[in-house]
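Listed here are the chains, written in short residue letters.
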Amino acid sequence: MNLLLEIYIHIDMDAYYAQAEQKLLKIPDDQPLCARQWNTLIAINYPARAAGIKRGMLSDEALKLCPEVFLPHVETFKISDGKMIFSTIQDKYTQHNQNEEKISLRYYREESKLIFAIIKQFCGCIEKGGTDECYIQVSENELEKIEHNQFVGNLMCDLPSDYKLTEQDIQIMKASILCQQIRDTIYKETQYKCSAGISFNKMLSKLASSTNKPNKQTIILECMLPECIAQFNIKKIRGFGGKIKHSFINSEIQTIGQAQQLSLQQLEVLFGDKAQYVYDKLRGYDNEEIKKESERKHKSILSLKNIKKTFSRDTIIQSLELIIHDLTMRVTDYFEDTNLVPSVIVLHYHNVEKGSHQKSEPVYLTLPIDSFRLQIEDRVNSILNSIQDNELFPLITIGLSCRYFKPMAQGIQNPITSYFKKVIESQEQEKMSKFIEEVQKELSPQDYYNCEICKQEILKTLKDEHNDFHIAENLDKEMNPKKRRYKSQTQNNNKPQQQQVNSQIDQFMKKS
């Protein structure tokens, strides 16, 4: 019987975008390299990090620190005669036109598919965490033939000489051997290096994988807890978002070890019915399970573009043309892999004065595949036309996302029923509106996180894209600090509530 064990592996590619550019351009591993988006660095390899270069730096700053650094630009595309024209390898070191081009992550996604195909040869229960990381829950069948006599990798803590391994420890030992086999195969077949963590839950496996980067794997055994995780920053705990993380960090509790000093009773005052959850995670215990792709309810595909502040709908339409082509390509790829299409399309827009907003409508994608873009375009135009200028402008970010994927509605593409397509869509419009409301109600608090910067509730599936927006905004703030919107931003949201929490924690720390 192939029963799933409570043994987890977290695999994390090392500076993935930078590695992908090294592979494409045949640049040796020991050469400093940073992947460049416009004039900003978005991925830094380890030789470049050693030279002091950091993510978010501008190209000129990096060259001053390390004149020999390679700064290839990520792939872009533009639209010509209604077709996507992608940049070439020859364009890697040239200037790119941000107004006419859009970033494409196509190459990174294609390389990611190669990596995950290898992982699936070894294990069947996998949860992707993006293009460059995943969680694996190992099964008995996957470990039964592995001969073991020692751990492969770095133990988080040394074991006492008289320590006797438990059955769980032995299974983790086998998993460490399996993990090394996976990593060796990934490197042999794709030339990508990765780090990994092995433990008895997802949270610990991720903590472990971040410990000995790059290109190493680390192991956490139950006997090492809770001391072995005490040095980690509280931000590292998976699932500590929103009020929990803010309460600790804003109260100058930065490490897990500091937070471990609070008793369960003290945590109950701060977090109510979440206290036991917080208490357990601070000591390394968590029961979050692997989520397979087929089980994810809230799949979302997002495409964003930052633009110079504009009051022009023509500028927005030009940017949306790029976004629609990008989104269509990705939705089509996903349909070909899963036979699923989105049922809702969302327009995201960031007004300089009024903040981020979104507006959605149902979308009905039907065969042939070539019609996907036209159908998405039709819905987007409908949404855009429903937004007044005073809501939209001045605008600095525009984007689209497709959500709530499901099997394509059957019959619409049939020649007979297509005659009644408009009638069907009209009848379905009201149903779909109700569907959107129902799905939104189904989203639990765990599906969202509170952004530390803008204090908005964001779907976890959109976290990476939302963080990228703030990176771009911070760079703009550094270069244009006198902009009115930056002067007027408030930095102390929820201040009275936080002061109360700070006071409570201070009292408890004094008693401890």
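Data block above holds the structure.
Cut-off values and rules
- Residues numbered from 1 in each chain as written.
- Predicted model: local features only at pLDDT ≥ 70, side-chain atom pairs only at ≥ 80, totals over all residues.
- Heavy atoms only, no water.
- Helix = DSSP H or I, 4+ residues; strand = E, 2+ residues; numbered from the N terminus.
- Buried < 20%, exposed > 50% of the residue type's maximum accessible area, 1.4 Å probe, protein only.
- Contact = heavy atoms within 4.5 Å.
- Salt bridge = Lys/Arg side-chain N within 4 Å of Asp/Glu carboxyl O.
- Core = buried A, V, L, I, M, F, W, Y, C linked by side-chain atoms within 4.5 Å.
- Phe/Tyr/Trp six-rings, centres within 6.5 Å; stacked < 30°, edge-to-face > 60°.
- Lys NZ or Arg CZ within 6 Å of the ring centre and 35° of its normal.
- Axes fitted to C-alpha atoms, helices over the stretch in contact; angles between N-to-C directions.
- Parallel < 35°, antiparallel > 145°, perpendicular 65-115°, else oblique.
- Left-handed = near helix turned anticlockwise from the far one by under 90°.
- Nonpolar A, V, L, I, M, F, W, Y, C, P; charged D, E, K, R; others polar.

Draft legend 1. Representation of the overall build of the protein in the model. What the protein contains, in helices and strands, is 19 helices and 17 strands. Scored against the burial criterion, the 512 residues of the protein give a buried share of 46%. Of the contacts formed within the protein by residues at least 6 apart in sequence, a portion of 67% connects residues at least 24 apart.

Draft legend 2. Inspection of the pattern of salt bridges at higher detail. Evaluated as defined, the whole model comprises 19 salt bridges. Note that Arg238 is salt-bridged to Glu288, the shortest N-O span being 2.9 Å. Linking Arg238 in the loop between β11 (217–219) and α8 (242–249) with Glu288 in the loop between α11 (275–282) and β12 (300–310), this pair joins segments that are 50 residues apart in sequence. Using a relative accessible area of 22% as the deciding quantity, one classes Arg238 as partly exposed. Glu361 is the partner of Arg379 in a salt bridge, and the nearest nitrogen-oxygen pair spans 2.8 Å. Of this pair, Arg379 sits in helix α13 (residues 372–385) while Glu361 sits in strand β14 (residues 355–362), and the two are 18 residues apart along the sequence. Neither Arg379 nor Glu361 differs from the other in exposure class; each is buried. Several salt bridges share partner residues, and in doing so they unite Glu127, Lys202, Arg238 and Glu288 into one network.

Draft legend 3. Just the nonpolar core, in detail. Core analysis: the biggest nonpolar cluster contains 74 residues, and Ile11, Ile119, Ile136, Ile186, Ile229, Phe248 and Leu282 have the highest contact counts within it. No other element matches helix α6 (residues 167–190), which puts 8 residues into this core. Residues within four places of Ile119 in sequence aside, it is in contact with Ile11, Ile126, Cys134, Ile136, Ile182 and Ile186. Counting 30 residues, the second largest nonpolar core, distinct from the first, contains Val331, Val380, Ile398 and Phe405.

Draft legend 4. Here's a closer look at the packing of aromatic side chains. Under the counting rule described, the total for this entry stands at 13 aromatic pairs. An aromatic cluster of at least three residues, connected via ring pairs, comprises Tyr16, Tyr17, Tyr107, Tyr108 and Tyr192. One Lys or Arg, Lys128, reaches over the ring of Phe116 and ends 4.7 Å from the middle of that ring. We note Arg283 situated over the ring of Tyr279; from NZ or CZ to the ring centre the distance is 3.7 Å.

Draft legend 5. How the structure looks around the packing of helix α10 (residues 264–271) against α11. Close contact between α10 and α11 brings their axes to 8 Å; oriented N to C, the two are set at 130 degrees. Put simply, α10 runs oblique to α11. Read as a crossing pair, α10 and α11 show a hand that is right-handed. Within the contact between the two elements, α10 uses Leu264, Leu267, Glu268 and Phe271 and α11 uses Ala275, Gln276, Val278, Tyr279 and Leu282. Taken together, the residues of the contact of α10 with α11 sort by class into 7 nonpolar, 1 polar and 1 charged.

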